Amino acid sequence: MPVTFKIDNEMRQFTEGVGTVPVAGGTVAAALGDLAKQYPKLQSRLYNATGALNPFVMVLVNDEDVRTFDAEWETPVADTDVLELLPPTSGG
Amino acid sequence: MPDFSTGLKCRLCGKMYGKQPTNFCPDDFGPLEVAYDYAAVRLAISRAAITARPRNMWRYRELLPLEGEPTVGPQVGGTPLIRARRLAEELGVKTLWIKNDAVNFPTLSFKDRVVSVALSKAREFGFTTVGCASTGNLANSVAANAAQAGLEAFIFVPADLERAKILGTSVFGANVIGVAGTYDEVNRLCTKVAFKYNWGFVNINLRPFYAEGSKTMGFEIAEDLGWRFPQHVVCPMAGGALIGKIHKAFTEMHAVGLVDTPVTTKMHGAQAAGCNPITDCVKANRERHKPIRKPNTICKSLAIGDPADGIFAAKLIRNTGGWAEDVTDEEIVEGMLQLARTEGVFAETAGGTTLAVAKKLIEQGRIPRDEEIVLCITGNGLKTQDCVGEAIEWPATIKPAIEEFDALYADAGSLSHAKPELVTA
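Here is what the cut-offs are and how they apply
- Residues numbered from 1 in each chain as written.
- Chains lettered and ligands numbered in written order.
- Predicted model: local features only at pLDDT ≥ 70, side-chain atom pairs only at ≥ 80, totals over all residues.
- Helix = DSSP H or I, 4+ residues; strand = E, 2+ residues; numbered from the N terminus.
- Rg over C-alpha atoms; globule rule 2.2 N^0.38 Å.
- Buried ≥ 20, exposed ≤ 12 C-beta atoms within 10 Å, placed from the backbone.
- Pairing = 2+ DSSP bridges.
- Contact = placed C-beta atoms within 7 Å.
- Axes fitted to C-alpha atoms, helices over the stretch in contact; angles between N-to-C directions.
- Nonpolar A, V, L, I, M, F, W, Y, C, P; charged D, E, K, R; others polar.
- pLDDT = per-residue confidence, 0-100.
- Expected span 1.5 Å × (residues − 1).
- Right-handed = clockwise from strand over helix to strand, strands pointing away.
- Parallel < 35°, antiparallel > 145°, perpendicular 65-115°, else oblique.
- Left-handed = near helix turned anticlockwise from the far one by under 90°.
- Core = buried A, V, L, I, M, F, W, Y, C linked by C-beta atoms within 7 Å.

Asks: Please clarify how the overall build of chain A should be interpreted in this entry.
Replies: Each helix and strand counted, chain A has 2 helices and 5 strands in total. Starting at the N terminus, the α and β elements of chain A follow one another as β-β-α-α-β-β-β. For 92 residues, the compact-globule estimate of 2.2 N^0.38 gives 12 Å, and chain A sits close to it at 12 Å. Its C-alpha atoms give chain A principal-axis dimensions of roughly 30 × 30 × 25 Å. Buried positions account for 28% of the 92 residues belonging to chain A.

This is the structure:
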């Protein structure tokens, strides 16, 4: 079973308007990689030229910021988990 | 007056965008910042022209991003820079100043600076509904300034915010929504609301313009020091934008010829130990902060677990030779009391944090005792009275009779404060 990746409205400009994408991958990083593979417009936005993850990428795992988990991007994901790609953090 | 801003520039890739209500670069998600034609500003601005204007933040109008004249918050800014001699003596330092935005108009925090720019810009963009995600001070300011401007306001706050900050928002007739969650969760909700409803959220889609208002705190500090920069600034950090904008203000003043000497000020950041993503980032020498999922501190105004400018604040602190520290809730309360007792300034918890961190940095030797220091006080203690309630002794009560006072005065231990020295002619 694939993991569900929800795409926030503002980010759908990079996924051809699609709001929910099934992705493969045992970790958040792998799931994100699969998302970028499916939607090439995301590739250069999620990763820099050396392949490192862009520091302003915001992903939630079951409504929690993935970077707050101990394993961060290497956090394992199960079939029942819901990921969400959001615009970068603002506020303050 | 012409608009000297030239557009919005991505802080990562440098790509330029037009002046529009948006906050991030679609190419790399980098935050956008207002850019200016400094060569043109240099020709248009002078110390004499500035000092001839009313003492408020708009005297630096050339370096603020409006097309027309400001329509919101015309009296904001112009707060005192206080020479803090008694506090300096207690801290054992030579020269100490307090930039006191606890008395900013109209809502007693530095947020009036950013909001007046954001709402003036919102009007230029044609928004009739505005909003914000807030830890309290911003909520007060958006509500008050929107009321004065006749704009409808939707204010989102964590539901557990201090009562005074919620009251101080609702009183202005704003639509206040308490959200059961952290500030960061409130903020993420607001991002969705802002783009879905196409409202002007000051710290989301209007954020590049909004943040520029913070520069005026830096302009005022330098002007009040006699058109020069201090050696050290200690600044509270929530989203991390203020510390960067004060430094940007100094840099701009040099760039446009208002201050001759280049900026060498060391920028120091202050946070609460219960929410310290930026100070932790600096101390651990990491490039990027690790967000705090559940902040836990009495200093709610700084309780942002995922600061939008965290990366930039940490980098600035390192690049200027400053440092960052965090302090416990007990130290924050002690800081609030010390500031009040020595200088007559009742600051909110963020002010207690700033003073307590400054003490720590002085004791660590990171701020030399013979160098000039400015503490940025950003909000008023009347909004966070509960935090010092337990630390304040309740006054003794007597009958209205001189004998009762005589007895009380003779027994100094029963007074809540030390017996004062009698002044004799």
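Asks: So what exactly am I meant to see when it comes to the sheet that holds strand E1 (residues 3–7) of chain A here?
Replies: The pairing of strands in a sheet happens through backbone hydrogen bonds and is either parallel or antiparallel. All names here are of chain A. Strand order in this open sheet of 5 strands is E2-E1-E5-E3-E4, and the pairing throughout is mixed. Two strands bound the open sheet, and with one partner strand each, they are strand E2 (20–23) and strand E4 (64–65). Contacting E1, E2, strand E3 (58–61) and strand E5 (82–86), helix H1 (residues 28–38) runs over the sheet at an angle of about 115 degrees to E2.

Asks: Would you mind showing me how to read the interface of chain A and chain B here?
Replies: In many reports, interface size means the accessible area that the parts give up when they come together. In this assembly, 19 residues from chain A lie in contact with 32 residues from chain B. For the side of chain A that touches chain B, the residue count by class is 6 nonpolar, 7 polar and 6 charged.

Asks: So what exactly am I meant to see when it comes to the sheet that holds strand E4 (residues 81–83) of chain B here?
Replies: Residues and elements named next belong to chain B. Reading across from one edge, E4-E5-E13-E10-E11-E12 is the order of the 6 strands in this open sheet, with mixed pairing throughout. Either end of the sheet is taken by a strand with one partner, and the two such strands are E4 and strand E12 (324–327). For this sheet, the mean inter-axis angle between neighbouring strands, taken without regard to orientation, is 25 degrees. Across 4 bridges, strand E11 (residues 266–272) lies against E12 in parallel orientation.

Asks: Mind showing me how you'd approach unusual backbone geometry here?
Replies: Glycine aside, the phi torsion of most residues is negative, and most peptide linkages are trans. Look at the link from Phe-105 of chain B to Pro-106 of chain B: it is a cis peptide, with omega at 5 degrees. Of note in the backbone geometry, Asp-63 of chain A takes a positive phi value of approximately 75 degrees without being a glycine. The class of Asp-63 of chain A is exposed, set by 10 C-beta atoms lying within 10 Å. Phi at Trp-227 of chain B takes a positive value of approximately 55 degrees, unusual for a residue other than glycine. Its location among the elements puts Trp-227 of chain B in the loop between helix H9 (215–224) and strand E10 (232–236). Residue Trp-227 of chain B is classed as partly exposed on the basis of its C-beta count, with 15 C-beta atoms lying within 10 Å.

Asks: Honestly, the confidence of the model for chain B in this entry has me stumped. Any pointers?
Replies: Caution applies to low-pLDDT parts of the model: their predicted coordinates are not meant to be read in detail. Residues with a pLDDT of 70 or more make up 97% of chain B, whose mean pLDDT is 96. Two numbers describe this predicted complex: its pTM, 0.96, and its ipTM, 0.96.

Asks: Where do I start with helix H10 (residues 241–255) of chain B in this structure?
Replies: Since the α-helix advances by 3.6 residues per turn, residues separated by three or four positions end up pointing in the same direction. All names here are of chain B. Under the 1.5 Å per step criterion, the end-to-end length of H10 is 20 Å for 15 residues, consistent within 8% with the ideal 21 Å. Counting buried residues along H10, 12 of its 15 residues qualify, which places the element largely inside the surrounding structure. When we look at burial in H10, the residues that qualify are Ala-241, Leu-242, Ile-243, Gly-244, Lys-245, Ile-246, His-247, Lys-248, Ala-249, Phe-250, Glu-252 and Met-253.

Asks: Teacher, can you tell me more about the pairing of E10 of chain B here?
Replies: Residues and elements named next belong to chain B. Counted residue by residue, E10 has 5 buried out of 5 residues, so it is predominantly covered. Neither face of E10 is exposed, since His-232, Val-234 and Pro-236 on one face and Val-233 and Cys-235 on the opposite face are all buried. Summarising the sheet, E10 and E11 pair through 5 bridges and their orientation is parallel. When the sheet's bridge partners are listed, Pro-236 is paired in E11 with Ala-270. Where the polypeptide runs from E10 across H10 and back to E11, its parallel neighbour, the crossover connection is right-handed.

Asks: Sorry if this is basic, but what is going on with the environment of Lys-245 of chain B here?
Replies: All names here are of chain B. Relative to the helices and strands, Lys-245 is located in helix H10. The exposure class assigned to Lys-245 is buried, which follows from the 23 C-beta atoms found within 10 Å. Between the C-alpha atoms of Lys-245 and Glu-212, which are 33 residues apart in sequence, the distance is 6.9 Å. When near neighbours in sequence (up to four residues on either side) are disregarded, Lys-245 contacts Ala-211, Ser-214, Lys-215 and Gly-218.

Asks: Would you mind showing me how to read the environment of Asp-160 of chain B here?
Replies: Structurally, Asp-160 of chain B is set in the loop between strand E7 (152–158) and helix H6 (163–170). For the pair Asp-160 of chain B and Thr-135 of chain B, spaced 25 residues apart in sequence, the C-alpha separation works out to 9.9 Å.

Asks: What is the right way to look at the packing of helix H4 (residues 111–125) of chain B against helix H5 (residues 137–149) of chain B in this model?
Replies: All names here are of chain B. Their axes nearest at 9 Å, the elements H4 and H5 cross at an angle of 45 degrees. Of the possible angle classes, the one that applies to H4 and H5 is oblique. Between H4 and H5 lies a crossing whose hand is right-handed. Mapping the contact onto sequence places Lys-111, Asp-112, Val-115, Ser-116, Leu-119 and Arg-123 in H4 and Asn-137, Leu-138, Ser-141, Val-142, Asn-145, Ala-146 and Ala-149 in H5. When its residues are assigned to classes, the contact of H4 with H5 shows 6 nonpolar, 4 polar and 3 charged.

Asks: Even after reading the chapter, I still don't get the nonpolar core, so can you show me in this structure?
Replies: Among soluble globular proteins, nonpolar side chains are generally buried collectively. Core analysis: the biggest nonpolar cluster contains 129 residues, and Ala-118, Val-130, Val-142, Ile-155, Val-202 and Cys-235 of chain B have the highest contact counts within it. If we skip the residues at most four places from it in the chain, Ile-155 of chain B touches Gly-131, Cys-132, Ser-134, Ala-139, Val-142, Ala-143, Thr-169, Ala-174, Asn-175, Val-176 and Ile-177 of chain B. Counting 16 residues, the second-largest nonpolar core is a separate cluster that includes Met-11, Ala-31, Leu-32 and Leu-85 of chain A.

Asks: Would you take a moment to explain H9 of chain B for this structure?
Replies: All names here are of chain B. Most of H9 is tucked away: 9 of the 10 residues are buried. Taken residue by residue, H9 has Lys-215, Thr-216, Met-217, Gly-218, Phe-219, Glu-220, Ile-221, Ala-222 and Glu-223 as its buried positions. Contacts made by the buried residues of H9 are with E4, strand E5 (95–100), H4, helix H8 (207–212), H10 and strand E13 (372–377). Backbone geometry just downstream of H9 places Gly-226 in the positive-phi region, at approximately 90 degrees.

Asks: So what exactly am I meant to see when it comes to the packing of H5 of chain B against H6 of chain B here?
Replies: Two quantities define a packed helix pair, namely the angle between the axes and the distance from one axis to the other. All names here are of chain B. Contact geometry of H5 with H6 gives a least axis separation of 8 Å together with a crossing angle of 15 degrees. As judged from the angle between their axes, H5 and H6 are roughly parallel. At the point where H5 passes H6, the crossing takes the left-handed sense. Facing Ala-139, Asn-140 and Ala-143 of H5, the residues of H6 in contact are Lys-165, Gly-168 and Thr-169. Class assignment for the residues of the contact of H5 with H6 results in 2 nonpolar, 3 polar and 1 charged.

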